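Topology and contacts: notes
Okay, here's what each chain looks like letter by letter:
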Amino acid sequence: MTNEMIGILAVLGVTVAMVVVVFAARAVRIIRPHERGVVERLGKYQQTWEPGLHLLVPFIDRVTKVDMREDVVDVPPQEVITKDNVAVTVDAVVYYEATDPFKLIFNVTNFHLAATKLAQTNLRNLIGEMQLDESLTSRETINVALRDILDDATDKWGVRVVRVELQRIEPPHDVTQAMHRQMKAERDRRAMILEAEGDREAAIARAEGQKRADILEAEGQAAAIREMADAERAQKILIAEGEAQAIKNVFEAIHEGRPTEDLLTARYLETLKHVADGNATKIFMPLEMQGLGNMVGAVGELFKSTQDSA
């Protein structure tokens, strides 16, 4: 075998080795855990590969990897006319995940573009049916409604819409300023109402306190009057008891026939009263009280002479 033949065989061997290497490199495919592989053989769907190591026929089979992780579609801002003819700027984001790799490859050409246009169209429809105030306060309602619409529409594309979030709903500048003035006026009104309620509560508290003080003062005065009445009654009782005891002593002295000096003195004073009235002309008394009797008789005569001369 000549050297020329050996060289040809060497070149042929190297070529075959390179072809084998290229063939092997193209025949081996690795599908990662978050991916699925859609295999086409001569332009016809063959099968869907799960994660792992797979072999295909080079130049005959073609595999397309589909990412099964959750992804996001950013819906660009757009102007939407509300039901009360106010133009608002709205944009949103759509979160989705692939559920069927076959449908995602063969049923839609560009899923991102299709989802964006579908979201924009349905945003216009939803917000166009709402007043401005309602659209500003109904973000959650719009999110849920748009998610349901997109999920139904994208089901044939092998995609599940997880959630939809409105990033902003922005009215025109003049409308925003008017809303700010309205909110400020509403806050001022609430502040005035709260202040008036506070003043009313304070006035009620003061009136209740004054009424309680008046009640306590009246109760104190009533208690003082009762104490004075009790003291006066006790004093009258003591005086009455003293007079009763004196009468009792006089009564006992009269009935026992032994008049005491106190009894005689009381009788003399009573006689003196009758002398002063002119009803008595004579007075009798024991010898031991003669001095006092002389004085009483003299006074009686004096009063009598006075009345006669009159």
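The structure reproduced in this document is the subject of the present report.

Parameters and conventions
Just so you know, the residues in each chain are numbered from 1, in the order the chain's sequence is written. In keeping with the predicted nature of the model, local features appear solely for residues at pLDDT of at least 70, side-chain atom pairs appear and are counted solely at 80 or more, and the whole-chain, interface and lining totals rest on all residues. Hydrogens and waters are ignored; side-chain quantities use all the structure's heavy atoms. Each helix is a run of DSSP H or I of at least 4 residues and each strand a run of E of at least 2, with the numbering of both proceeding from the N terminus. Classification of residues uses two cut-offs on accessible area relative to the type maximum, computed with a 1.4 Å probe and protein chains only: under 20% is buried, over 50% is exposed, and between them is partly exposed. For this analysis, residues touch if any pair of their heavy atoms sits within 4.5 Å. Multiplying one less than the number of residues by 1.5 Å gives the expected span of a helix. Contacts described as polar in this section are N or O atom pairs within 3.5 Å, which, within protein, must combine one atom able to donate a hydrogen with one able to accept it, while residues neighboring in sequence count only if both atoms come from side chains. Patches here are clusters of residues that have more than 30% relative accessible area and form no salt bridge, with a 9 Å joining cutoff for like charges and a 5 Å cutoff for nonpolar side chains (Val, Leu, Ile, Met, Phe, Trp, Tyr). Reported accessibility uses the Shrake-Rupley method at a 1.4 Å probe radius. Residues are deemed covered only where the shown protein chains occlude them. For this document, the term salt bridge refers to a Lys or Arg side-chain nitrogen within 4 Å of an Asp or Glu carboxyl oxygen. Every angle, taken between N-to-C directions, lies between 0 and 180 degrees, and every axis is a line fitted to C-alpha atoms, over only the stretch in contact when it is a helix. Just so you know how the angles are binned, under 35 degrees is roughly parallel, over 145 roughly antiparallel, 65 to 115 roughly perpendicular, and the rest oblique. Two helices that cross are described as forming a left-handed crossing if the nearer one is turned anticlockwise from the farther one by less than a right angle, and a right-handed crossing if clockwise. Only Asp, Glu, Lys and Arg are considered charged, only Ala, Val, Leu, Ile, Met, Phe, Trp, Tyr, Cys and Pro nonpolar, and every remaining residue, Gly among them, polar.

Another aspect to go through is the side chain of Gln-120. Structurally, the position occupied by Gln-120 is in helix α3 (residues 111-128). By relative accessible area, which is 11% here, Gln-120 ends up buried. When sequence neighbours within four positions are dropped, the list of residues in contact with Gln-120 reads Val-75, Pro-76 and Gln-78.

The α-helix advances 3.6 residues per turn, and as a result positions three or four apart in sequence lie on the same side. With 18 residues, α3 should cover 26 Å at 1.5 Å per step; its first-to-last C-alpha distance of 26 Å lies within 8% of that length. Every buried residue of α3 is accounted for by Phe-111, Ala-115, Thr-116, Ala-119, Gln-120, Asn-122, Leu-123, Leu-126 and Ile-127. Residues of α3 that are buried make contact with β6 (71-81), β7 (87-98), α2 (101-106), α4 (132-137), α5 (139-153) and β8 (159-170). If you check the start of α3, you find a side-chain oxygen 3.3 Å away from the backbone N of His-112, and it comes from Asn-110.

On to a nonpolar patch on the surface, then. Among the surface-exposed residues, Met-5, Leu-9, Leu-12, Val-16 and Val-20 lie close enough to one another that they form a single nonpolar patch of about 440 Å² accessible area. Positionally, Val-16 belongs in helix α1 (residues 3-27).

Okay, the packing of α3 against α5 next. Two elements in contact, α3 and α5, have axes whose closest approach is 10 Å; the angle formed by their N-to-C orientations is 135°. As judged from the angle between their axes, α3 and α5 are oblique. Crossing angle aside, the handedness with which α3 passes α5 is right-handed. Taking contact as the criterion, the partners of Leu-118, Ala-119, Asn-122, Leu-123, Leu-126 and Ile-127 in α3 are, on α5, Ile-142, Ala-145, Leu-146, Ile-149, Leu-150 and Ala-153. For the contact of α3 with α5, the residue count by class is 11 nonpolar, one polar and no charged.

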